[in-house]
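# Observations on the three-dimensional arrangement
Letter by letter, the chains look like this.
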Amino acid sequence: MNHSLTESLKTENQQDEQTIILREKNMINISMLQDTLQNFVSSTPDVQGVALVSPDGLSLSSVLPSRMDEERTAAMSASILSLGERIGGELARGNVERIVVEGEKGYSMLVGCGSEAVLLVLANSSAKKGLLFLETKRVVTQIVQLIS
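These numbers come from a predicted model, not from an experiment.

For the coordinates displayed, the defined rule picks out zero aromatic pairs. The ring of Phe133 has Arg98 lying over it, and the distance from NZ or CZ to the ring centre is 3.9 Å.

Right under this line is the structure:
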């Protein structure tokens, strides 16, 4: 084999190895994200489900009640946060920290996780908002570390 062909094959092999490493890292992060969300739901009183979605409305990871459509929930979550941020800007309220929708059966809370993702937290009506905000802030910190 000539030298340039050998070098080309070496370069391709290195690129393939880097791609495999990145895929494995992403799979580990996805698995860690899922574990983080599962732990949050199971260890936080009154939390019924969570979803991590992209700003475009695509589901990244979730632990939702079985009756909820993951794709639809993801799309609505991103839309609500986007609208909330525009409202915050128009009304000169600064950066939006969270959006809380309070209904008779509980709360839906949206929190940005950097520019990469949005976290939806679903809690029942007996949830203590202060504790819910504190625990959500804690899990957002963990999520940001995993997705950055």
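Bringing helix H2 (residues 70–90) into the picture now. The first and last C-alpha atoms of H2 sit 30 Å apart over 21 residues, in line with the 30 Å expected at 1.5 Å per residue. Within H2, the full set of buried residues consists of Thr73, Ala74, Ser77, Ala78, Leu81, Gly84 and Gly88. One face of H2 carries all of its buried residues, which in axial projection span an arc of 130°. Opposite the buried face of H2, at more than 90 degrees from it, the exposed residues are Glu71, Arg72, Arg86 and Glu90.

Formed by 22 residues in total, the largest nonpolar core has its most connected members in Val50, Leu52, Leu119, Val121 and Ile143. Of all the secondary structure elements, the ones that give two or more residues to this core are helix H1 (3–43), strand S1 (47–53), strand S4 (106–113), strand S5 (117–124) and helix H3 (129–147). Considering every element that reaches this core, the biggest residue donor is H3, with five residues. Setting aside residues no more than four positions away along its own chain, Ile143 makes contact with Leu33, Thr36, Leu37, Leu52, Cys113 and Leu119. Core analysis: the next-biggest nonpolar cluster, separate from the first, contains ten residues, Ala51, Leu64, Val118 and Leu120 among them.

What counts, and at which threshold
Residues numbered from 1 in each chain as written. Predicted model: local features only at pLDDT ≥ 70, side-chain atom pairs only at ≥ 80, totals over all residues. Heavy atoms only, no water. Phe/Tyr/Trp six-rings, centres within 6.5 Å; stacked < 30°, edge-to-face > 60°. Lys NZ or Arg CZ within 6 Å of the ring centre and 35° of its normal. Helix = DSSP H or I, 4+ residues; strand = E, 2+ residues; numbered from the N terminus. Expected span 1.5 Å × (residues − 1). Buried < 20%, exposed > 50% of the residue type's maximum accessible area, 1.4 Å probe, protein only. Arc of directions from axis to C-beta. Core = buried A, V, L, I, M, F, W, Y, C linked by side-chain atoms within 4.5 Å. Contact = heavy atoms within 4.5 Å.

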